[in-house]
Each structure stands twice: as structure tokens, then as C-alpha cells.
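# Reading the structure
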Amino acid sequence: MLQRMMFGLLFCCVLIDQIGLGAVGRLPLNDNWKVKQVRGRNWYPAQVPGVVQSDLMRNDIIPDPFVGMNERAVQWVDKEDWVYETTFELGTELLEHDNLRLVFEGLDTYADVYLNDVKVIVADNMFRCWRTGCKDLLLPGENTLRVCFHSPIKRDLPKFMALDYEYPALNDQSENGGILNYKVSVFARKAGYNYGWDWGPRLVTMGIWRPVYLEYWNTMRLEDVHISTSEVSERSARIEVEIELDSLRSCLGRFQISNATSGLIYAERPVTITRGSNRFNQAFILKNPRLWWSNGLGSPTLYDFKVTVAVDGRVYDSRTVPVGIRSIRLVTDRDMNGRGSSFYFELNGEPVFMKGANYIPNDSFMPRVSKERYRDVVARAVDANMNMLRVWGGGIYEDDYFYELCDRNGILIWQDFMFACSLYPCDDQMAANIRAEAVDNVKRLRNHACIALWCGNNEMNEGWHCWGWKQRFTKLGLADKVLGEYNRVFLDILPSVVKEYDPKTDYRSSSPYSDLYPSERNDLSGDRHNWDVWHGQAPFAVYEQAVPRFMSEYGFQSFPQLSTVKRYNPDEKHWDIESDVMLAHQRHPRGNELIRIYMERNYREPKDFESFLYMSQLLQADGMRLAIEAHRRNMPYCMGTLYWQHNDCWPVASWSTSDYYGNWKAAHYRVRAGFEDVIVSLTRADDRLQLYLVSDLRQPLSGMINLRMLDLSGNLLRERFEKVGLGANTANRVLDIDYYDFIASNAPENVVLHTTFESGDIRVQSVNFLAPLRQVDLPPASLQTDISAFNGGFSICVSSDLFARGVYLSVDHEKPLFFSDNYFDLLPGEKKIVVVRTSMSEYEFRNRLRVISMCDAVD
């Protein structure tokens, strides 16, 4: 084995020394761009990757649409055509390569590309990578590259006007865009959220939104490498490698697969290379693999597999692919005597309860999302104990770096194709375009260990059957046509692409979707989106009554914290949730009304604007907690809870649990607790108090339950201890007691229940009320803080003389600070340690720190 490794290292060193002109290279073309309105004369410096709106902001042509009501002032931009241009120098050495190819990883959306005044690309899909050979067009010295973008509004309006019927596009805010009710978004292969959503602005972008570069190589190059795993166990795994190689000549070559870190050679063999496109397959067995596990179950180990192609000792191309050794499948077996079917993910042979959220694009202008912001948004998922994010279909296929982060952190991805909440026309040209889009993205993403599922669309099947679409088109005599277009895309094109290019990953045609009951909403089969809470105004208790096999969408809105509001609404005279500015940043037509309705049901009335923001967050957190605990209590019947939504694309009142600037709302802290590996969950069923213990751990555990009833001054009224055990990866009811016997003569509105479970290093707790909070007479708690400084921040010990609900720490600072815990309930006499990292001086921190609880927010 040692000799084999040494030979491999020597072989690689010799090959590297001989690379020379055999190397595949890339010349970035992201610099020195300028932009102008086609019908204008002035050129302005531009940034690539970028979009027109962000370039106009940098040049002070338009205001920041995220501030105030400025969104309205920039709607003219998407009605204009724009041109980008740059020049670049090439030397003769680069031009001598056999192959030169111009690559745009993303053009948004309708664009003509000219190289030295010759049209070389006509683009019509934001989600595709556009490539063209250009060796004969490039010149020594200066070359000019120009991209002309056509207004997607002007391009697609004639398509809309040509029809005597309309495709539904519920979230297309055409009126905000100044084009009446002409909902043109369905005609463009472009991010749907650009046209507005009930959490996002209408900012229809154009631009070179992903990198552009020249590729150059001699003789041959690796076009693609696909590495997949099968027959996975802790003892061995079968690794299957498929490569696509383009060659200008026929020859004998050598194909090698090695470990890029250690140099260990896994497989190598001679291959016969023919002129044109070649495909080679190789499999090998990896002994005792370190498996890739999702967050919370183990290490997300990655192997760096290196694939090398050489001829006569010269390396012509190589590629290193990080791969997680794992198996994953979606299990949808019949059960309940045929009335139901399971819906759970099995990772490395083990059922895994999915804990996570729906994920939307991080910005309305995606090119300005930095690697730092990607690291932050994934870290927020990891820190909240998530193991899955659903990349939702109204946004984008994300940047490679996002998926790399998910690979490294054990975050599984439910990947939608980019179709959501609409119906889409699909003639032959569009079908070919969609297929090319799917091929591009499946091939780009399939090597990522995080990819768990491909899903055709968001809510389109439900829209057809439950939102009146079928009835509407039936009346028009168009049901067969429109349904045929749907079936062509989601039952033919997309599944066939997944089967051809990523056959080991499951595909679902739509979400939600029930295999057994495809034309109705139900909790017996498939995944479910529950919007009875919020849209249907159902009480939070519905979450406990309607538990599906897998909950892939549900949620509740809240406002961001005051520091975020100040950034888009700095003038205090607009600090009213019904002000024009606040309504511009509340995109749901009934959003404020619904928050008020639920607030009146559950809480007392907030005393002012800032208190309303704060209490809206507690309200959202309470709703999310109830849902998450109900779903987890019911495992293995229910095996997943993905709430709506993880993040925001701009500062807004929304369903997100962390705002546009990354600040954790109350719900994100509550989600973190609800997604712990082990939780205790107390619920009332008629006259019974039932306590559940839930564990995602892969081993059984035993420990002690302590259930206490306290009054709001901290006096112990009742207490019960129970020694309990629990199997691996399951949920059980461990305590079932008579409600009235337990509370005895105590008034429900004057007590709180505190439950703990301890097992070795594990200690989890929960606080529950026996009456709605609006009936609880919260005492005037006096909060004390003891602050200790350390290098890089402060430790805050928070305590209270009386019960304190929703203790909230904040610091008035230009950059909001992150507190290790926040919005927590505090028992009388309990001491809570909260850590915050900051470079502020101790004097400044002490003077700016503010600590409140719910009793301070109501009169």
C-alpha cells in the first residue's frame, strides 16, 4: 500500500512538471465593464457579476430601493434596454491554444452577446450557463465584449397580449411595476421573486449576474466528472465515477482516480480516446469509509477525489471533486392498511427526522451576496440545529459556494426546480429551454452530498386541484392544453433529466403532493403545506390537530427588530405599522391585519410601536414552537418539519426567523431549542397532561424527568419526578397525569409549569402555561444584570425577582449584536448567562444595554 501511495505521488509530480500547454486554463473577464441605457449616451462604471439596478445605485442614478418607499422610484429600470461593454487584452501565447471558449455562467435574462462585433450568444434563460467557441474571433491585443440586455417586460408583454386567457401568477406584483394586471413573469425563465412576492419587492433585474471568463486548453479537457456512491455501509462503499472528455484527436490515454490529499490511488487504467466526445466509467470499493452524516448525527466527512487524464505522461486535465460517502433515499411505502404512505428520508440506512426551513434568495440583487453572507446564512441553520433546507422554486438554483457550505456542515438540500405558484406556457421552444436548464443544474449540483431530493415545482399541483385553476381552464375549454403543458414539464422533461443525470437521487413532481390522494390536501400521504394558520386564520392549536407525514411548509409572520426597521424607516414619524413606509415593507395584503388578529387572541395589546415589533416576534415564536413540537412528538408518523422561512431578501415584515441583516428573531432562538437532539414536550389532551420525550440520537437514553408547578412569584406548588427511558431515534409519551388532580385548586392563569430532563451531559427544559397568555397576569418583573467583561465581549448574568416572559436583550448600536440566547422565559431566582461578542468598551456597553420582558411591553 505504501509503495502504491509513493508511486501515485511520484506520478502526480511528474505529470504536474510536464503540464505545460496541456493545462486547461481560465481567464476571468469580470473587470473594466461599463453600462449604459441603450437609448442613452452616458456610460457608467459597472460591476460584474452584477445587475443593472445595483450599478445604477453605485452611480447615484437611482436611490436604494430597500429604503423608505424608493422601490416605486426604480420601476422604470426594467422597462429599458441596457448594454454592458468591456475590453480585454490577449497575448499570442494564449491564442495559440487549440480551444478557446467564452463562458457566461449566468445572463439575466434576454441578452445578445457580441465578441468583436460578432453576435455569438442569444440568451433567454437566467438559469443556464452559456458557452460558445470563439478561437476564430479573438485577436491579439485588444478585444471587445458587449452584452445587450432586452427589457424582460417589453420582451414578454406581447406574449401576454397575444393570448385571450391568462396563466395564473398569484405573486406577480404587476400593478407595483406600473403595468396594470399584465402578469408576464410566467413567460420568462427567470427568478419568480424578481416580480414580487408576499415577502419581497418587485425588482425585475437584468445583468451579467454570474462570472464570465475565457476557457482555453489543448487537445482535450474534462467536460464533466460525476462521482456517486452505492452499496454504502460502515465497512465499504462502492464509488462510481463517470467522466465526459472532449478530445481533438484519437489516442491512448490514462485515466486515474486518487485522493487529492494523500495521493492514494484508488483506480487507474488505460483508455482509448476518440476524437470528439468520450465517456468513461470506473468503479472501485472504498474500505471502511468515513460516512457523511447530516448535522447532529455525525461528521459530514468529505473525500477529495481527484480525476486525472494523461497522454504519454502529460496531464491534459484534472479535476478534484469533494464527495461525501453516503446513501440517501426518500421512502414512500404504503402503510395504515393501504390508507396512507410514509414520507421520510433514509440516510446511510437510518430514518432521519428532517428539521429545517424553506430557503429563499438572500437578496433581491443576488450578485452582491458575498461569501461571508453565505457562510452566515448556513451557520444560522447549523446553529439552530437544522439538518435540511428546502431551496424553494420561486428563487434561483443557488451559487456553488452555498452547496459547498451545506456539504461541509451536514445540511441536506431539498432542491426545487425553479417553478412556483403559477402555471407556465410550454411550447417546443420553451420545452427545449427548460430541459437545457435542468441538465445544466442537475449536472452542476449532483456531486454535492447535500442534495437529497429534486422537486419539480412549488404548489402547482395544489393550485390546479385546490385553488380553482382546473375549474377556470375547464370553463375556457383549455384544461387539456394547460394540464398537458404541466405534465410535459413535470412528468416528462424534469424526471427524465434526473433519471439520466442523477439517477440515485429521488424526484417528486410537486410540493405538496400526495401519492395516494394527488387531488386533495391530506395528512395521510406525501408532504403537506399547512396555511390554515395564517391565511385561514385558524388558531395555533390546529398545528397539534393536523399532523401530516412530512410538513414542508407552514409559518407565521413577524416584524424585524427596531434596529432593522430604522435602516429602512429612519424617521420616527413613520413608526406606525400602518404608515406608508411600513406598509411598503409588508407585502402580504392582510399581513398587519392577521398579526393583529392573532395578537388579540393570544396576548394583551402592545403599548407602542416598538413593543408591537417585539411582541410580534414572540407571537411567531410561540406558533413555531407549537408546530415543531407537535411534529416531533408524532414521529415516526411525521418525519419532517420545514417551516417557512429561514431568511429574507430585503428588510421586511415576513415569515423569516432571521431578518435580512442576519439578526435572529425570537422564533430562531425558539427553533434552535425545538430542534435540539433531545426535547421534552408537554401538551394537554382534554383532562390529561401528557409529557413526551423526543430523541433524534442514534442510541437509547435514560434519565430523570422533573415536572414542577410554580406560581409567578416562584413558589413551588407541585412537583413530580419520574425515571424514564427512550429508544434511539423515536418519541414516546413518558408521563400521562390527570390535569385537574395536578393543578388542584390553583388558578391556571397564575401558574407556570417547568419541566426538565437530565441524562448525563444532556439537560433540556421547557416552560408551559396552562392558560392563554392574554389571561395570565404577568407580574412586574424586575430584571437584574451582572456584566463581566472578557477579551472580545461580555458575559451577562440575567436574573429576575418574579417570572419574566420573553426576556429581550438589545444594544443600540450601528451594527446589531448577537446574543447567545434571547427572548427567553426566566423563572424567579433563576440565573441565565448570556454571552455577546463585541469590541465596544465596557462603559459604552453597560450604558447601551437594554433588558425588557413582556410585562414592560403592555400597559
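As the structure is a prediction and not an experimental result, all values here were calculated from the model.

## Here's the deal with the sheet that holds strand β45 (residues 849–852)
- The strand order across the open sheet built from 3 strands is β43-β42-β45, with neighbouring strands paired in antiparallel fashion. Looking at which strands have only one partner, the edges of the open sheet turn out to be β43 (824–826) and β45. For this sheet, the mean inter-axis angle between neighbouring strands, taken without regard to orientation, is 35°.
- Each of β42 (804–811) and β45 is contacted by helix α15 (residues 609–633), which is oriented at about 125° to β42, the strand it contacts most.

## Overview of unusual backbone geometry
- A cis amide bond, omega 0°, links Val48 with the succeeding residue Pro49.
- Of the consecutive residues Trp644 and Gln645, the connecting peptide bond is found in the cis state with omega at 10°.
- Topologically, Gln645 is positioned in the loop between β32 (640–643) and α16 (666–674).
- Even without being a glycine, Asn348 presents a positive backbone phi close to 50°.
- By secondary structure assignment, the location of Asn348 is in the loop between β23 (344–347) and β24 (350–352).
- Classification of Asn348 by relative accessible area gives buried; the value is 13%.
- A positive phi angle, close to 65°, is found at Asn385, a residue other than glycine.
- Considering the arrangement of structural elements, one finds Asn385 in the loop between α5 (371–383) and β26 (388–391).

## As for the sheet that holds β23
- Reading across from one edge, β20-β23-β24 is the order of the 3 strands in this open sheet, with antiparallel pairing throughout. Taken across any chain shown, the strands that pair with only one partner, and hence form the sheet edges, are β20 (328–331) and β24. Neighbour-to-neighbour, the strand axes of the sheet open up by a mean angle of 35°, direction not taken into account.

## Comments concerning the pattern of salt bridges
- Per the stated rule, a full pass over the model turns up 63 salt bridges.
- Between Glu85 and Lys34 there is a salt bridge, with the nearest N and O atoms lying 3.9 Å from each other. Residue Glu85 is found in strand β4 (residues 82–90), and its partner Lys34 is found in strand β2 (residues 33–37); the two are separated by 51 residues along the sequence.
- Overall, Lys34 belongs to the partly exposed group, its relative accessible area being 31%.
- Taken together, the salt bridges that share partners define one network made up of Arg26, Arg101, Glu215, Arg221 and Glu223.

## Considerations on the packing of α5 against helix α6 (residues 400–409)
- The N-to-C vectors of α5 and α6 enclose an angle of 35°; their axes lie 10 Å apart at closest approach. Of the two elements, α5 crosses α6, and the hand of that crossing is right-handed. Residues Lys371, Tyr374, Arg375, Val378 and Val382 of α5 pack against Tyr401, Phe402, Leu405, Cys406 and Asn409 of α6.

## Considerations on the side chain of Lys36
- For Lys36, the position within the fold is in strand β2.
- Polar side-chain contacts of Lys36 include one of 3.3 Å to the backbone oxygen of Val38.
- In this view, Lys36 contacts Arg41, Asn42, Trp43, Asp81, Trp82 and Val83; residues no more than four positions away in its chain are not counted.

## Points about the packing of helix α14 (residues 591–602) against α15
- Taken N-terminus to C-terminus, the directions of α14 and α15 make an angle of 75°; their axes are 11 Å apart at the nearest point. In this view, α14 runs roughly perpendicular relative to α15, as classed from their interaxial angle. Across from Ile595, Arg596, Tyr598, Met599 and Asn602 in α14, the residues of α15 making contact are Phe612, Met615, Ser616 and Leu619.
- Split into classes, the residues belonging to the contact of α14 with α15 amount to 6 nonpolar, 2 polar and 1 charged.

## Section: the pairing of β4
- For β4, the tally of buried residues reaches 7 of 9 residues, placing the bulk of the element in the interior.
- Strand direction decides the pairing type here: β2 and β4, joined by 4 bridges, are antiparallel. If you follow Val35 over to β4, its bridge partner there is Tyr84.
- Bridge count between β4 and strand β9 (residues 141–149): 9 bridges; the pairing is antiparallel. Each bridged residue has a counterpart across the sheet, and for Val83 the counterpart in β9 is Cys148.

## Digging into the pairing of β23
- Covered by surrounding structure in β23 are Tyr344 and Glu346 together with Phe345 and Leu347, the residues of both alternating faces.
- As judged from the 4 bridges shared by β20 and β23, these two strands associate in the antiparallel manner. Across the sheet, residue Val331 finds its bridge partner in β23, namely Tyr344.
- Pairing of β23 with β24 involves 3 bridges; the strand directions are antiparallel. Residue pairing for β24: Glu346 is matched across the bridge by Pro351.
- Where β23 folds back onto β24 in an antiparallel hairpin, the turn is made up of 2 residues, including Asn348, whose phi is positive at roughly 50°.

Cut-off values and rules
- Residues numbered from 1 in each chain as written.
- Predicted model: local features only at pLDDT ≥ 70, side-chain atom pairs only at ≥ 80, totals over all residues.
- Heavy atoms only, no water.
- Pairing = 2+ DSSP bridges.
- Helix = DSSP H or I, 4+ residues; strand = E, 2+ residues; numbered from the N terminus.
- Axes fitted to C-alpha atoms, helices over the stretch in contact; angles between N-to-C directions.
- Contact = heavy atoms within 4.5 Å.
- Buried < 20%, exposed > 50% of the residue type's maximum accessible area, 1.4 Å probe, protein only.
- Salt bridge = Lys/Arg side-chain N within 4 Å of Asp/Glu carboxyl O.
- Left-handed = near helix turned anticlockwise from the far one by under 90°.
- Polar contact = N/O pair within 3.5 Å; in protein donor to acceptor, adjacent residues only side chain to side chain.
- Parallel < 35°, antiparallel > 145°, perpendicular 65-115°, else oblique.
- Nonpolar A, V, L, I, M, F, W, Y, C, P; charged D, E, K, R; others polar.

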